Amino acid sequence: MTDQWHKSACILCECNCGIEIKLGGRRFDRIRGDKEHPASAGYTCEKALRLDHYQNGRHRLTSPLRRRDDGTYEEIGWDTALREIAERLSAVRDTHGGDKILFYGGGGQGNHLGGVYNRALQAALGVRYFSNALAQEKTGEMWVDGKLYGGHTKGDFEHAEVVVFVGKNPWQSHSFPRARPTLRAIAKDPGRTMIVLDPRRSETAAMADIHLQVAPGTDAWCLAAMLGVLVQEGLLDNDFLAEHTTGAEPVVAALAEVPVALYAERCGVPEELIRTAARRVGTASSATTYEDLGVQQAPNSTLVSYLNKLLWILTGNFGRPGTMFLHSSFAAIAGAGSGGSGKGRVRTTPVTGARIISGLVPCNSIAEEILTDHPDRFRAMWIDSTNPAHSLADSRTFRTALEALDLVVVVDVAFTETARHADYVLPAASQFEKWEATFFNVEFPHNTFQLRPPVLDPLPGTMPEAEIYARVLRHLGVVEPAVLAKLTTAARTGRAEFAAAFFTAAGADPALMGLAPFVLYETLGTVLPDGQRGTAAVWGLAQLCAMTHPEAVRRAGFADGDELFDAIVSTPSGVTFTVDEWEDVWTYVRRPDRRFTVEIPELLGELGGLRDTEPGWVSEEFPFVLSAGERRSFTANTIYRDPAWRRRDAAGALRVSPDDAARLGLTSGGPARVVTERGAAEVVVEITDMMRPGHVSLPNGLGVDHPDHGVAGVAPNELTSLGLRDPLAGTPWHKHVPARVEAVTP
Ligand SMILES: Nc1nc2c(c(=O)[nH]1)N[C@H]1C(S)=C(S)[C@@H](COP(=O)(O)OP(=O)(O)OC[C@H]3O[C@@H](n4cnc5c(=O)[nH]c(N)nc54)[C@H](O)[C@@H]3O)O[C@H]1N2
Ligand SMILES: Nc1nc2c(c(=O)[nH]1)N[C@H]1C(S)=C(S)[C@@H](COP(=O)(O)OP(=O)(O)OC[C@H]3O[C@@H](n4cnc5c(=O)[nH]c(N)nc54)[C@H](O)[C@@H]3O)O[C@H]1N2
Ligand code: SF4
Ligand SMILES: [Mo]
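Residues numbered from 1 in each chain as written. Chains lettered and ligands numbered in written order. Predicted model: local features only at pLDDT ≥ 70, side-chain atom pairs only at ≥ 80, totals over all residues. Heavy atoms only, no water.

Draft legend 1. Focus on a nonpolar patch on the surface. Where nonpolar side chains cluster on the molecular surface, the patch consists of Phe 503, Met 513, Leu 544 and Met 547 and spans about 420 Å² of accessible area. You can see Phe 503 is positioned in helix H20 (residues 495–508). (Patch = residues over 30% accessible without salt bridge, like charges linked within 9 Å, V, L, I, M, F, W, Y side chains within 5 Å. Areas by Shrake-Rupley, 256 points an atom, 1.4 Å probe, with all protein chains shown as cover. Salt bridge = Lys/Arg side-chain N within 4 Å of Asp/Glu carboxyl O. Helix = DSSP H or I, 4+ residues; strand = E, 2+ residues; numbered from the N terminus.)

Draft legend 2. Representation of the site of ligand 2 within the structure. Neighbouring residues of ligand 2: 32 residues in total, closest Asp 412, Glu 465, Ala 628, Arg 631 and Thr 638. A distance of 2.7 Å separates an oxygen atom of ligand 2 from a polar side-chain atom of Arg 631. At 3.0 Å from an oxygen atom of ligand 2 is found a side-chain nitrogen or oxygen belonging to Lys 735. Out of a free accessible area of 920 Å², ligand 2 has 96% covered by protein chains. Breaking the shell around ligand 2 down by element, the ones donating at least two residues are strand E16 (407–412) and strand E23 (624–630). Of the residues belonging to the shell around ligand 2, the class tally is ten nonpolar, 15 polar and seven charged. Counting contributing residues per domain, the shell around ligand 2 is built from domain 2 (65–127 + 379–438 + 446–579) and domain 4 (617–743), each supplying no fewer than three. (Near = heavy atom within 4 Å. Polar contact = N/O pair within 3.5 Å; in protein donor to acceptor, adjacent residues only side chain to side chain. Nonpolar A, V, L, I, M, F, W, Y, C, P; charged D, E, K, R; others polar. Domains from an automatic or database assignment.)

Draft legend 3. Expanded view of the side chain of Thr 289. The topology assignment puts Thr 289 in strand E13 (residues 287–291). Judged by its relative accessible area of 6%, Thr 289 is buried. Here the side chain of Thr 289 touches Asn 308 through a polar contact of 2.7 Å, side chain to side chain. Ignoring sequence-local partners within four residues, the contact set of Thr 289 consists of Phe 157, Val 164, Asn 308, Leu 311, Trp 312 and Met 324. (Buried < 20%, exposed > 50% of the residue type's maximum accessible area, 1.4 Å probe, protein only. Contact = heavy atoms within 4.5 Å.)

Draft legend 4. Structural view of the packing of aromatic side chains. This structure, assessed with the given rule, holds 33 aromatic pairs. Look at Phe 165 and Phe 176: their rings are 6.1 Å apart centre to centre, the planes differ by 5 degrees, and that puts the pair in the stacked class. With a gap of eleven residues between them, Phe 165 in strand E9 (residues 162–166) and Phe 176 in the loop between helix H5 (170–173) and helix H6 (179–188) connect regions that are remote in the sequence. Phe 176 shares its class with Phe 165; the two are buried. A connected cluster of aromatic rings, assembled from ring pairs, spans Tyr 149, Phe 240, Trp 312, Phe 318, Trp 586 and Phe 596. Geometry around Trp 5 places Arg 32 over its ring, the cationic atom sitting 3.7 Å from the centre. One cation-aromatic arrangement involves Arg 119 over Phe 130; the distance from NZ or CZ to the ring centre is 4.6 Å. (Phe/Tyr/Trp six-rings, centres within 6.5 Å; stacked < 30°, edge-to-face > 60°. Lys NZ or Arg CZ within 6 Å of the ring centre and 35° of its normal.)

Draft legend 5. Geometry of the site of ligand 3. What surrounds ligand 3 is the set Cys 10, Leu 12, Cys 13, Cys 15, Asn 16, Cys 17, Thr 44, Cys 45, Lys 47, Ala 48 and His 174. Per-class residue counts for the shell around ligand 3 are seven nonpolar, three polar and one charged.

Draft legend 6. Up close: the pairing of strand E26 (residues 680–687). Where strand E24 (residues 654–656) meets E26, three bridges bridge the pair, whose relative direction is parallel. Following the sheet pairing, Leu 654 is matched in E26 by Val 685. Note that strand E25 (residues 671–676) and E26 share five bridges and pair antiparallel. Counterpart to Arg 673 in the pairing with E26 is Glu 682. Connecting E25 to the next strand, E26, in antiparallel fashion are three residues. (Pairing = 2+ DSSP bridges.)

Draft legend 7. Expanded view of the sheet that holds strand E1 (residues 5–9). Pairing in this open sheet of three strands is antiparallel, and the strands run E1-E2-E3 from one edge to the other. What marks the edges here is a single partner per strand, and that holds for E1 and strand E3 (27–33). Here the average twist between neighbouring strands, direction ignored, is 35 degrees. Of the strand pairs in this sheet, E1 and strand E2 (residues 18–24) are connected by five bridges, and their pairing is antiparallel. Bridging across to E2, Lys 7 finds its partner in Glu 20. (Axes fitted to C-alpha atoms, helices over the stretch in contact; angles between N-to-C directions.)

Draft legend 8. The environment of Asp 189, seen in detail. In this fold, Asp 189 is placed in the loop between H6 and strand E10 (193–197). Among the polar contacts made by the side chain of Asp 189, one reaches the main-chain amide nitrogen of Gly 191 at a distance of 2.8 Å.

Draft legend 9. How the structure looks around the packing of helix H8 (residues 219–232) against helix H14 (residues 301–313). H14 packs onto H8 with a crossing angle of 25 degrees between their chain directions and a minimal axis gap of 9 Å. Relative to H14, the element H8 is oriented roughly parallel. For the crossing formed where H8 meets H14, the hand is left-handed. The segment H8 lies against H14, with Asp 219, Ala 220, Leu 223, Ala 224, Met 226, Leu 227 and Leu 230 engaging Leu 303, Val 304, Leu 307, Asn 308, Leu 310 and Leu 311. Its residues assigned to classes, the contact of H8 with H14 shows eleven nonpolar, one polar and one charged. (Parallel < 35°, antiparallel > 145°, perpendicular 65-115°, else oblique. Left-handed = near helix turned anticlockwise from the far one by under 90°.)

Draft legend 10. Local environment of the UniProt feature "domain: 4Fe-4S Mo/W bis-MGD-type" (unreviewed entry) in the protein. When the UniProt feature table is mapped to this numbering, "domain: 4Fe-4S Mo/W bis-MGD-type" (unreviewed entry) covers residues 3–59. Helix makes up 7% of residues 3–59 and strand 33%, whereas the separation of the span's terminal C-alpha atoms amounts to 28 Å. (UniProt positions renumbered as here; feature names shortened; annotations may be inferred.)

Draft legend 11. Layout of the nonpolar core. The biggest cluster of nonpolar side chains holds 203 residues, and the ones touching the most others in it are Leu 51, Tyr 306, Phe 330, Met 381, Trp 382, Leu 426 and Phe 596. Ranked by residue count, the leading element in this core is H8, at eleven residues. Filtering out sequence-adjacent residues up to four positions away, Met 381 remains in contact with Leu 102, Tyr 104, Ile 366, Ile 370, Phe 398, Leu 402, Leu 405, Leu 407, Val 408 and Val 409. If you look at the next biggest cluster of nonpolar residues, it comprises 19 residues, including Val 656, Leu 666, Val 685 and Leu 719. (Core = buried A, V, L, I, M, F, W, Y, C linked by side-chain atoms within 4.5 Å.)

Draft legend 12. Representation of unusual backbone geometry in the model. With an omega of 0 degrees, the peptide bond between Phe 444 and Pro 445 qualifies as cis. Tracing the backbone through its elements, the reader meets Pro 445 in the loop between strand E18 (436–437) and strand E19 (446–449). One non-glycine residue, Ser 358, lies in positive phi territory at about 50 degrees. With respect to the element layout, Ser 358 can be found in the loop between strand E14 (324–326) and helix H15 (363–370). Phi at Asp 394 takes a positive value of approximately 55 degrees, unusual for a residue other than glycine. Along the chain, Asp 394 falls in the loop between helix H16 (388–391) and helix H17 (395–404). Note on Asp 394: relative accessible area 6%, which makes it buried.

Draft legend 13. Structural detail: the environment of Pro 658. Along the chain, Pro 658 falls in helix H28 (residues 658–664). With 32 residues separating them in the primary sequence, Pro 658 and Met 690 have C-alpha atoms 9.3 Å apart. Each residue touching Pro 658, except ones within four places of it in the same chain, is listed here: Ile 687, Thr 688 and Asp 689.

Draft legend 14. Region of the structure containing the sheet that holds strand E5 (residues 73–75). An order of E5-E4-E17-E16-E15-E6-E7 is seen for the seven strands of this open sheet, with the pairing classed as mixed. Two strands lie at the open edges of the sheet, namely E5 and strand E7 (129–131), each paired on one side alone. Neighbouring strand axes in the sheet, compared pairwise and without regard to direction, differ in orientation by 15 degrees on average. As paired strands, strand E6 (residues 101–105) and E7 are joined by three bridges and run parallel to one another.

Draft legend 15. Local environment of the confidence of the model for the protein. Per-chain confidence: the protein averages 96 in pLDDT, with 98% of residues scoring 70 or above. With pLDDT under 50 throughout, residues 336–342 is counted as low confidence; its partners more than four residues away or in other chains account for 14 contacts. (pLDDT = per-residue confidence, 0-100.)

Now the structure itself:
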């Protein structure tokens, strides 16, 4: 048995590459890429090989914890913990309303299955407000997506002639399958072109054919200039615009007016280089773009998302191999509703009236919605698989907000920075100790889904989320035992009988739909073979998926949701669940006429405003732009807590340009102090010509505590502020924090 390779997936980024693990007892002795995984096909990066640091370490919790009055914690039994939690949740609901309980998280980079059961608890409590980390990175893009076509887009980088990375460093951060081999292939091929917008000469920028080394925070001018060139030099795909879009005229008219030379000057990139890049996009047989945190967490972020999308829409780079696509999905990762598609009224937060996009409360608003005496303030938070006291802007204020709540429950594998402010901490089984899945399934024309079987039994004292949620829901007594008994009997008879009985029961009591994951766990789950109870909700998702994408699921070889479910459970490397043809891509455009709506008046106004705006957020007091949270070889959000996993850069150095270092008298490996309006930190300096003068950067994921090794590096959000955020989407400008760097005598 010890020679067995166990199939699973890496949990460190949204690629979730398939891996195989060889155990030595409970330790991960060896890890390798799983060649049978339908998306990653054997690929991993170096980070996956160190997953034992996540699985086995002193950070693991093995008992529920309850906070004492003096702020210390005591271990308590599961029964006591879950009974008390259910009572206290009910009390908040009965006194203030279920809408005063904010649910945050429910899944990290690789664990989204627990989030499905989490939804059932939300439904039982009448919760209305929800959020997760997407609301501090992707909601601006989601809003634009909603306006343009109502879906999520991605690019076919593997086949594109031209690829454009906008504030994205895929060499380190990946985000699409087999990123490094794909980047290498593009770089090597003289017929293909890589264009990178980044103030830093990142690993990806260093491989690029064209590096548009913008001044930090000036992408809006750079992209507007590129679009101006496309329009003014007649490089648009007018057939595509006529056939597939509405509202292109005012957009084209606005771009015709763009003063390219002026905008080039404003973003600090030579005009000729911008023209070359634009012409390359405009004349390529296929082009794709990828925007990420470098622009999504920087000034003008929602406008930049729009301009980025106009780059491929106006050149007709959609719906063909090598271009952009919309895609099927197995299950939703955001909240309810689809971006800013404009249907129904705009939802806002109860106290500050911030815009809710894709069902997500903006992260920067959360503390503001708590730290007030407004009667509609949040009174409690349920936090699962996320570490917001570390990851949200202005950690200090967020900690104060947690302390102001009547009840905080944290579900995690570790005693995190957030757990330290909880009333109860519930120790989850790790992602290798339960059935688990990622819902980052965003490919086309073949989309894949992997349900990973447990590699190990839960560490004693821990529990899978499915069981945690079921137990809380049992305490709340939300479903009549007779209803559950009847459904269990039907499940014993057969799947078809169960499905029929479930829909009959839900017809009689529509509330059962919201509680469905729990109901499935309690009924169908009990008749699934040994140890598979946690997969019960996947059966429901497979039914929904087959109903939503009947043709594509059939083309993938599954007659219905049951066949799809059976294949998923019995294929640990993952399955291709939808097979499309490129022509089918238009069926994913959520518009009755299946056309893109190109005009977004709010953002055209902002585009026009660029002309009279000089970029620049720095001041005499804070002359640097600090990017707080750069992805590096040895960062992985806060999933690895043990600093020993880092082979290099253990302290998470502040990267500084040689010019600035010389001017300030800094030395590589020596100390410095970074000061922002919100905080200050001692850092170790790395002098590198990756950085342009005036720009410094710190990595993400550092500054977490470990029982044996203490804290290594700087927690970036001790330095960030709530106020620096996108006016429309509320997303923080983590990559654009005005800062001062000071020499420190060692
Ligand atoms: N190694 C590693 N990989 C990861 C993660 C990790 O923790 N570690 N986390 C995962 C997660 S959650 C995410 S969301 C992704 C994020 O992936 P990325 O967005 O690629 O990661 P970042 O390094 O934060 O930012 C990308 C680039 O933006 C640049 N940048 C900074 N300011 C600006 C600007 O004003 N304009 C432009 N154009 N660029 C700018 C930075 O120099 C950097 O090279 O990575 C995922 N992958
Ligand atoms: N300044 C700054 N801040 C940033 C960023 C930045 O670039 N700069 N990046 C932002 C981005 S893009 C993101 S995505 C966020 C990420 O920040 P968070 O949303 O806080 O996510 P992670 O750091 O990935 O934390 C995941 C948590 O899940 C826990 N966990 C792991 N496995 C399990 C499990 O099986 N069950 C449970 N219940 N818990 C588990 C881990 O211990 C960890 O505490 O940070 C954001 N914050
Ligand atoms: S960190 Fe991301 S790219 Fe690297 S192995 Fe894990 S999932 Fe794959
Ligand atoms: Mo992220």
